[in-house]
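The residues making up each chain are set out below.
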Amino acid sequence: MTVRSCLTVVLAAGEGTRMRSLRAKVLHAVAGRPLVAHVLAAVQATGGRVAVVVGPGADAVTAAVKAVAPDADVFVQAERRGTAHAVLAARAALEQGADDILVVFADTPLIRPETLAALRAPLAAGAAVSVLGFRPADPTGYGRLVTDGDDLFAIREEKDASAEERAIRLCNAGLMGLSGAHALALLDRIGDANAKREFYLTDAVALARESGFRAAVTEAIDDSEVLGVNTQAQLAEVGAVLQQRLRGALLDAGVTMAAPETVHLCFDTTIAHDVTIEPYVVFGPGVSVEEGAVIKAFSHLEGARVGRGALVGPYARLRPGAVLEADVHIGNFVEIKAATVETGAKANHLSYIGDARIGAKANVGAGTITCNYDGVLKHKTDIGAGAFIGSNSSLVAPVKIGDGAYVGSGSVITTDVPADGLAVARGRQTVKQGWAARWRAIASVKKKS
């Protein structure tokens, strides 16, 4: 079977003024990555070339596109004069030719690769235009798709629709496929004879029918796929749907979550089966969790790897570069950053471990701090296997604690401690008998006077 070539044009030139933000609309993020990056991920999964149309001065959007799709061609729509005008901004890519042309929007991050593939299917069967439809609970405001079976006769905007047409539940989602053989001819014929003097992509349907070509409809898998983002409220709505998808995938994969609706996931969160996630856990980008680990409530993980059988939290924070090997225990109010905690090691309470290695089965006592920053540079702390760090110790990096060594509680360690050695670095305790009673008596007299 011959594989059909495809060019997908992603429209990302919208200003997004209703977002009330200085940031371009398509750069707002859900589940840890920008809207445009979600769309590009779906597009790349369908294969073929990619062209992205951005607005003037949209260097940040271009950078975000190149970070996800380095081979994508980027074109600038100098004036915003409608969707067809935006597609033609990528004329150079269109002129290179492709069997199928897809037009998608960078602010619809929930679109699935399967749906994009389905949108192409009528083109392979001879249609000149393929339109994505959906059936919203409330069709008010949407263009209606006037059909006979899978054949599309017209896209009727609500203001122009008859009462009978307004009763149609099948609505235009905006995404469109065009036969590469006819795409440029149809796009060039679209005019601006309308109130806004803009060039609308939807006019391609009527033009195709006038030319004797077939136009077809493909329905989205569900309504959520075509949710667009124009406001902060819609951004939150799309984010909630995406979180439901991500949680559902984890539950299906054997992850235990007692209150999944409270767990916030990232697009690239990787969690193995038999992992337990307690309520109110947040996963930022770049987190993987191996089999049998437990992430307890109110923990926050980002850029971290959690090994098999590890226990994290509650109220733990794993920052980028945190690596926990098997059976590690990281407890409440412990922060780990750019550090490897080796098999079986523990830091159960109120500690900061940064730029460090904690050896296998070492124990880090409550209140321990690795003092890794001297105001200019970061330095490393190395704690050997089986070492014991007493509570409220400060380890001033660079410093090395040998295997099996002990550090007395309350110590400030500034030089290396040899293996199996004991380091105590604190002032000698002095006791003055009866001092407290005498002080209270003096204080009482002062208070009365």
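The structure this text deals with has already been given above.
The structure displayed is predicted, hence computed values, not measured ones.

Caption draft 1: Broad picture of the pattern of salt bridges. Under the counting rule described, the total for this entry stands at 22 salt bridges. For Asp107, the salt bridge identified is with Lys25, shortest N-O distance 2.8 Å. Of this pair, Asp107 sits in the loop between β6 (100-105) and α5 (113-124) while Lys25 sits in the loop between β1 (6-12) and β2 (29-30); the two residues are 82 residues apart in sequence, bridging distant segments of the chain. Assessed through its relative accessible area of 13%, Asp107 is described here as buried. Between Arg317 and Glu335 there is a salt bridge; the shortest N-O distance is 3.8 Å.

Caption draft 2: Quick look at the sheet that holds strand β25 (residues 346-349). Sheet architecture is open: 10 strands sit in the order β12-β14-β17-β20-β23-β25-β27-β30-β33-β35, paired in parallel fashion. If you trace the sheet from one side to the other, it starts and ends with β12 (256-257) and β35 (422-423), each paired once. Alignment of strand β23 (residues 329-332) against β25, held across 3 bridges, turns out to be parallel. Across the sheet, residue Ile330 finds its bridge partner in β25, namely Ala347.

Caption draft 3: Region of interest: the pairing of strand β26 (residues 352-358). For β26, a buried count of 6 out of 7 residues is recorded, marking the element as mostly surrounded by other parts of the structure. Strand direction decides the pairing type here: strand β24 (residues 335-341) and β26, joined by 6 bridges, are parallel. Paired with Ala339 across the strands is Ala356, a residue of β26.

Caption draft 4: Geometry of unusual backbone geometry. The residue after Gly313, namely Pro314, is reached through a cis peptide bond having omega 5 degrees. Within the secondary structure, Pro314 sits in the loop between β20 (311-312) and β21 (317-318). The omega angle of the peptide bond from Ala397 to Pro398 is 0 degrees, so this bond is cis rather than trans. Its place among the elements puts Pro398 in the loop between β31 (394-396) and β32 (399-401). At Arg20, a position not held by glycine, the phi torsion is positive, near 55 degrees. Position of Arg20 relative to the elements: it lies in the loop between β1 and β2. The exposed category is assigned to Arg20, whose relative accessible area is 71%. Residue Lys361 is not a glycine yet carries a positive backbone phi of 60 degrees.

Caption draft 5: Broad picture of the packing of aromatic side chains. Scanning the model with the defined rule gives 6 aromatic pairs in all. Plain terms: the ring middles of Phe134 and Tyr142 are 5.0 Å apart, the flat faces sit at 90 degrees to each other, and that makes the pair edge-to-face. Exposure remark for Tyr142: the relative accessible area of 34% places this residue in the partly exposed category. Considering the side-chain rings of Tyr315 and Phe333, the 5.1 Å spacing of their centres and the 15 degrees angle between planes classify their relative orientation as stacked. Here Phe333 lies in the loop between β23 and β24 and Tyr315 lies in the loop between β20 and β21, a separation of 18 residues in the sequence. For Tyr315, a relative accessible area of 40% translates into the label partly exposed. Every member of this aromatic cluster is reached through a ring pair, and the members are Tyr280, Phe298, Tyr315 and Phe333.

The rules behind the values
- Residues numbered from 1 in each chain as written.
- Predicted model: local features only at pLDDT ≥ 70, side-chain atom pairs only at ≥ 80, totals over all residues.
- Heavy atoms only, no water.
- Salt bridge = Lys/Arg side-chain N within 4 Å of Asp/Glu carboxyl O.
- Helix = DSSP H or I, 4+ residues; strand = E, 2+ residues; numbered from the N terminus.
- Buried < 20%, exposed > 50% of the residue type's maximum accessible area, 1.4 Å probe, protein only.
- Pairing = 2+ DSSP bridges.
- Phe/Tyr/Trp six-rings, centres within 6.5 Å; stacked < 30°, edge-to-face > 60°.

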